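This is what each chain is made of:
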Amino acid sequence: MFQNLIDVILPVFLVIGAGYSATRAGYFTQDHVDGLMKFTQNFAIPCLLFRAIANLDLAASFDLRLLASFYAGAAICFTIGITGARLIFKREWEDCVVIGFCCLFSNSVLLGLPITERAYGADNLTGNFAIIAFHAPFCYGLGITVMEIVRNRGSGGVKTLSSVFSAMFKNVLILAIGLGFVVNLTGLYIPGAIDEALSLLIRAALPAALFALGGVLVKYRPEGDMRTIAFVCTTSLLVHPSLVWMFSTSLAVPQDLFRSGVLNSAMAPGFNAYIFANMYGRAKRVAASSVLIATGACLFSVWFWLTLLG
């Protein structure tokens, strides 16, 4: 199992390392990295989310007890992240929201899916897909709402509400997920040529995003923010799965869904944590470094949770 975890996580680090090395050596400039970030954030990843939601079996995946356990834990960690960033590290409110988002968003696709599959088999991923279906809408909805409230404090309720809706409907990730649900629920047919074009973009999404993250790390090194980064890693890798374990136990979540919920909540902050930071231009160093360091720490924390799960 330990070798399997290395096989899952090491390739992620190799791609990030390639982006870091290429940028550090000057083969990639920061303009190139920014361009690659825009491609992944505005095109490739939205295509991945749209197609995943459009093809998801919602009836088979939906379990209210699992979703309540996972997202109650996530929301609490978001609150812990904001509160800790403000009271312990004295960050500005906008930074606090980004740090809270890092504690909120688990890497359920790049790490959660392959680790759960290797641990329990491909037939035990129903819970993973249920979480993935609502992950980005819930996390971005919560993060954007709180950020817009913070940014528009003192401007009145109507202006704040308008800013929230504007930010939500300008976010291509949210739009892609919404369109995916429309296609899924209406049964609309995606023509073969369009579906194949989506597949081509999707294949580039995750490796390009990871490569770009490596380039970003050249500019945003963790010096000066290590305590904050350690706080994010602890909240993501230990507090969130502990909460999900407690809630799932009290709600008697079935075993296969219980394992999916705990393992997904034990994943490092996903790349979307940096995307959110990049959207608002706040706490980008904390977000980028937290993704990298927590992903490496997953090698040990996931081993711990797998041992407890038996």
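Just above, that's the structure.
Note that the coordinates shown come from a computational prediction; the quantities given were computed from them, not determined experimentally. (Residues numbered from 1 in each chain as written. Predicted model: local features only at pLDDT ≥ 70, side-chain atom pairs only at ≥ 80, totals over all residues. Heavy atoms only, no water.)

Caption draft 1: Representation of unusual backbone geometry in the model. Backbone geometry at lysine 90 places phi at a positive 55°, although glycine is not the residue there. Although it is not a glycine, alanine 252 adopts a positive phi angle of roughly 55°. With respect to the helices and strands, alanine 252 occurs in the loop between helix H11 (226–250) and helix H12 (255–265). Given a relative accessible area of 52%, alanine 252 falls into the exposed group. (Helix = DSSP H or I, 4+ residues; strand = E, 2+ residues; numbered from the N terminus. Buried < 20%, exposed > 50% of the residue type's maximum accessible area, 1.4 Å probe, protein only.)

Caption draft 2: Spatial organisation of the pattern of salt bridges. Applying the stated criterion across every chain yields a total of ten salt bridges. Between arginine 65 and aspartate 63 there is a salt bridge, and its shortest N-O distance comes to 3.3 Å. Residue class for aspartate 63 comes out buried when judged on its relative accessible area of 14%. Note that aspartate 225 is salt-bridged to arginine 91, the shortest N-O span being 3.0 Å. One end of the pair, aspartate 225, is in the loop between helix H10 (192–219) and H11; the other, arginine 91, is in the loop between helix H4 (64–87) and helix H5 (93–104), with 134 residues separating them in the sequence. With a relative accessible area of 7%, aspartate 225 lands in the buried category. For arginine 91, a relative accessible area of 15% gives the class buried. (Salt bridge = Lys/Arg side-chain N within 4 Å of Asp/Glu carboxyl O.)

Caption draft 3: Focus on the nonpolar core. Judged by nonpolar contacts, the single largest core of 97 residues is most densely connected at Ile45, Phe101, Leu111, Tyr140 and Phe276. Filtering out sequence-adjacent residues up to four positions away, isoleucine 45 remains in contact with Thr40, Leu173, Ala205, Ala209, Phe271 and Ile275. (Core = buried A, V, L, I, M, F, W, Y, C linked by side-chain atoms within 4.5 Å. Contact = heavy atoms within 4.5 Å.)

Caption draft 4: Quick peek at the state of the cysteines. All chains considered together, the criterion is met by zero disulfides. No disulfide involves cysteine 233; its nearest neighbouring cysteine sulfur is the one of cysteine 103, lying 9.0 Å away. Note on cysteine 233: relative accessible area 9%, which makes it buried. Cysteine cysteine 298 is unpaired, with the sulfur of cysteine 233 as its nearest cysteine sulfur at 9.0 Å. In this structure cysteine 298 comes out as buried when scored by relative accessible area, which is 0%. (Disulfide = S-S within 2.5 Å.)

Caption draft 5: Summary view of the packing of aromatic side chains. One pass over the structure, following the stated rule, counts 14 aromatic pairs. Ring geometry for phenylalanine 105 against tyrosine 140: centres 6.2 Å apart, planes inclined by 70°, an arrangement best described as edge-to-face. Residue phenylalanine 105 is found in the loop between H5 and helix H6 (108–120), and its partner tyrosine 140 is found in helix H7 (residues 126–151); the two are separated by 35 residues along the sequence. Here phenylalanine 105 matches tyrosine 140 in class, with each residue buried. Between phenylalanine 134 and phenylalanine 181 the ring centres are 6.0 Å apart and the planes differ by 35°, which places this aromatic pair in the tilted class. In this pair, phenylalanine 134 sits in helix H7 while phenylalanine 181 sits in helix H9 (residues 172–186), placing the two residues 47 residues apart along the sequence. On the accessibility criterion, phenylalanine 134 (28% relative accessible area) is partly exposed. Given a relative accessible area of 17%, phenylalanine 181 falls into the buried group. An aromatic cluster is present here, built from Phe101, Phe105, Tyr140, Phe276 and Tyr280 joined pairwise through their rings. (Phe/Tyr/Trp six-rings, centres within 6.5 Å; stacked < 30°, edge-to-face > 60°.)

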